[in-house]
Amino acid sequence: MSLSLHNVISQAEQIIVGKPLQIRLAVTCLLSRGHLLIEDLPGVGKTTLAHVLARTLGLQFQRIQFTSDLLPADILGVSVYQRASGEQTTGVFKFHPGPIFAQMILADEINRATPKAQSALLEAMEEQQVTIEGVTHELPTPFFVIATQNPAYQIGTFPLPESQLDRFLMRIQMGYPDAQAERGLLSGIDRREIVSQLNPQVESSELLTLQKRARAVFVSPALLDYVQAILLHTRESARYTHGLSPRAGLALLSAARAWAVLDERDAVIPEDVQAVLPGVVSHRLQAAGEYAKQNSDALVHELLEAVAIP
Amino acid sequence: MSKSLNYGLLLSILMVVAPHAEHLTVWVSILCGVLLVWRTYLNYSSRPQPKKWLLMLITFAGTGGVAMSFHTLFGREVGVTLLMLLATLKLMELRSERDAMAVIYLALFIIITNFFYSQSIPTALYMLATLFVVTVTWIQLHGQNIPFKPRLRTAAILLLQAIPLTLILFILFPRVQGPLWGLPQDAYSTSGLDDRMSPGSLSRLSLSEAVAFRVSYKNNPPLREQMYWRGPVMWYFDGRTWTTGKTTGQLTAPQLTNLDQSIDYTVTLEPHNKTWLFALDIPEKVSLPATLSYDFRLYSKKPVNARIRYEARSNLGYRANLQESGLHIERALQIPTQFNPKAQKLAAGWKASSASDAEIIQAALSYFSQQGFKYTLEPPPLGTNGIDDFIFETKQGFCEHYASAFVFLMRVANVPARVVTGYLGGEFNDIGNYYIVRQSDAHAWAEVWLKGQGWVRVDPTGVIAPARIQSGLSAAVSNNAALPFMARNPPQWLRNLSLNWDALSNQWNQWVLGYDNERQFAFLTRLGMESVTWQKMAMNMAAGLVILVALFALFMLRHLFVRMRNDKVQVAWLKLCKKLSKSGIPRAAHEGALDYAARVGTARPELAESLHDLAIRYSALRYGKAQGEQAIREFLQRISAVKT
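Here the structure is a predicted model, which is why all the values come from computation and not from measurement. (Residues numbered from 1 in each chain as written. Chains lettered and ligands numbered in written order. Predicted model: local features only at pLDDT ≥ 70, side-chain atom pairs only at ≥ 80, totals over all residues. Heavy atoms only, no water.)

A count of helical and extended segments in chain B gives 23 helices and 19 strands. Within chain B, contacts between residues at least 6 apart in sequence are counted, and of these 72% link residues at least 24 apart. As presented, chain B carries roughly 32300 Å² of accessible surface, and 61% of it is formed by carbon and sulfur atoms. (Helix = DSSP H or I, 4+ residues; strand = E, 2+ residues; numbered from the N terminus. Contact = heavy atoms within 4.5 Å. Areas by Shrake-Rupley, 256 points an atom, 1.4 Å probe, with all protein chains shown as cover.)

Encoded structure:
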């Protein structure tokens, strides 16, 4: 792992205690140019994670709090009419960029907004650009969205449809901290203060290079066999309502490549695939029939164990 | 079933059935045609296929009709007819993929049946085209989404790939002596010489361009006027028709003396369903089991119903039967006295005024040459006294008229004589260096028996139309419009084309159709196979097929080899895992190498380091970019050093 990325992760681990896997997955997601969805109860450190990553990676940071009355213009920006003044003889519309024009976006509680506002964000994520009134505005690079959402069963939410969940490369859960980590959390100083004092560890150009490197990681035919076996299993097994799509397969590969970069390998090995598998497929699989009550973790675990490495 | 697939199936069946239309019973051809048109219309207008009961009705009616036409349901003709009918009917019920499959198999099978009737190069080429169409349809059946052009290409590749297989099977498949199953006598209904001759029978035959046989001479060919190929010999005359007649009593073998001018040649005889073989006068020996009859005909025991090839030696100079038995002299003098009184009177006059038989012959020949006789393919019809009419009225005739009249006159004048039919001359093919003798070269001449000379050939046609003897029919006949095109004088390029084609057909006959066990043995011996037996051939064939299939398989699986090298690594790793699992730590199927090494390492710390190293190496070899042999060897060494 490059030294700088190592620093990013170790700094994050000091603040978000006891969640090394989540931190690594988040960085993996960033490296493979995907977007991250964190799903959990309020107050388990979702926002802090986003904050820490933004600070240590040295990215411009914007936070959008999604509420039920949020409008697309509140995210994307708006054109405002400017009256004639001074040298200008006629009035013009001037575009005021919204909060989405930043390198790292924290879309907080995305499922509290209406579908209209949700899709405004998701479209921008997909296309890396915003078109308003016929004018296309490029979003900055790197562009990374961390969205958080409360579990769907909470009151006052608009759950994201499956097709939109697919826009996120990974979905992870934070989970409660273990007793020791929580003790430290409770007894220590205010996290917000530490976060504000964090220094960037990575240049944004370096980040782009790392992203490039992740795309160039070698994938052998033997590994493709394994990935295909996983995809095939989800399509043939009775446990799932539907199998993984080819896009899910591509997502799995690109995440595994980024994970291999974190491990400083130039080829993907099955362990990489297994490591990113829960994050990549858990929001893309739905249990069917008698398995419907299983939670997504168990589902992914079953998948992992069912497919032999060829 | 898609529309275009149906069209493909329709075309396949049409192509295999079409050549049969010529020899099928007329109503079957019409029924098949109607069914095909009907099916095409249904497909075109997307109408439903006919109801099942209607199809049943047509099937039973058709089968009944075939049974009534042939009075049987067994045999080749009936079999082929039924196949045609049922194949066409099958097209009317294309419901599932299985039906389409059945149609395709039927089409493939019917391709073979066409060779019952013709085995020529055009037929073979046409069947190849048919096979291609069927293959294209077959591919369409299994890959509906394959576009048209790639489908054609795949079919072409498939057929090309079949060529080596075909060659091996063709060359090495053990041939049995004679045909594998007896083809019925009606295998070939060809025209040819008959054992009876009446006015008009030979001139009719000369209109046929069909090849009778081909000859290649070992050394120099004889003169054209010596190329008399003897066929049936006619002894008995009933006033109009000559027949071979019946022989009674002891048949004596021919006595041939003063033999001279021997000549060796090879004849490839087209099947003619008769027993006689053709040889130049007079044959001395022949490479087939054949008999030389008392009247010098060569015949085999069985009718010639397949193309045969034989070598023969003849002597152009000879004295035949200087002593002839009284029985045959008597037969050679037989005439129906109630007919042709004028001719009898004429010959009686010659007899009275001549001192010897030779003079009588001369008188007859000069009569023909001086009385304005004409050589023509279309002589006027003759009445009851045919010879009288011919000699005194019409004076126009073809060779059979002259031979017949001459022999009749000789017999009246008490000179023993007989009519000989056969072929004269032939066309030289300088491309293949052989002679083509066609039905249009059929000829009739006379033979007289003279004391001290035996049987002597006299050809009265030579007096009237010497060109017929020296250069062929087209030169002799003034109005040759009725002759087959190639027997006239076609333009040089067309003639060359025709000769080229015939040379090619000849090679085809010799090497493809005539590739019998003898040729096979000779060919394989020349290829270097020692003591050829059919067991050996079968073994070689099987071996050849296996090798060929293996080569194809290797070619198609070639990308596996790249992995095979790495597979050594995989095998060694799995072996190690197995060993470790015996010591109580089995690897789960989904467990990666690094994970497993870590797990084993915690249970058995003494192995942790070496296993971790191996796992990293294994992962790099199996999942990384290709590495050199060195890395593989090092891995294998280290893995064998691990003590579990």
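Turning to the confidence of the model for chain A, a few remarks are in order. In this model, chain A carries an average pLDDT of 85, and 95% of its residues clear a pLDDT of 70 or more. Per-residue pLDDT, averaged within each element of chain A, yields its smallest value for helix 8 (residues 191-197) of chain A (76) and its largest for helix 11 (residues 246-262) of chain A (93). (pLDDT = per-residue confidence, 0-100.)

As a further point, take the pattern of salt bridges. Residue and element names in this part refer to chain B. Taken as a whole and assessed by the stated rule, the structure comprises 30 salt bridges over all chains. The partner of Lys90 in a salt bridge is Asp99, and the shortest N-O contact between them spans 3.0 Å. Here Arg638 and Asp613 are joined by a salt bridge, their closest N and O atoms 3.1 Å apart. In this pair, Arg638 is assigned in helix 23 (residues 629-641) and Asp613 in helix 22 (residues 605-623), connecting sequence segments 25 residues apart. (Salt bridge = Lys/Arg side-chain N within 4 Å of Asp/Glu carboxyl O.)

Moving on, we get to the sheet that holds strand 1 (residues 196-197) of chain B. All names here are of chain B. Read across the sheet, three strands follow the order 1-5-4 without closing on themselves; strand pairing throughout is antiparallel. Here the strands that pair on one side only, and so sit at the sheet edges, are strand 1 and strand 4 (236-237). For strand 4 and strand 5 (residues 242-243), the ladder comprises two bridges, and the chain directions are antiparallel. The residue of strand 5 that forms the bridge with Tyr236 is Thr243. (Pairing = 2+ DSSP bridges.)

Turning next to the packing of helix 10 (residues 341-353) of chain B against helix 13 (residues 399-412) of chain B. A pair of packed helices is captured by two measures, namely the crossing angle of their axes and the spacing between those axes. All names here are of chain B. The contact between helix 10 and helix 13 brings their axes to 8 Å, and the two run at 55°. Of the possible angle classes, the one that applies to helix 10 and helix 13 is oblique. The chirality of how helix 10 crosses helix 13 is right-handed. For the pair formed by helix 10 and helix 13, the contact residues are Ala343, Gln344, Leu346, Ala347, Ala348 and Trp350 on the first element and Phe408, Leu409 and Val412 on the second. (Axes fitted to C-alpha atoms, helices over the stretch in contact; angles between N-to-C directions. Parallel < 35°, antiparallel > 145°, perpendicular 65-115°, else oblique. Left-handed = near helix turned anticlockwise from the far one by under 90°.)

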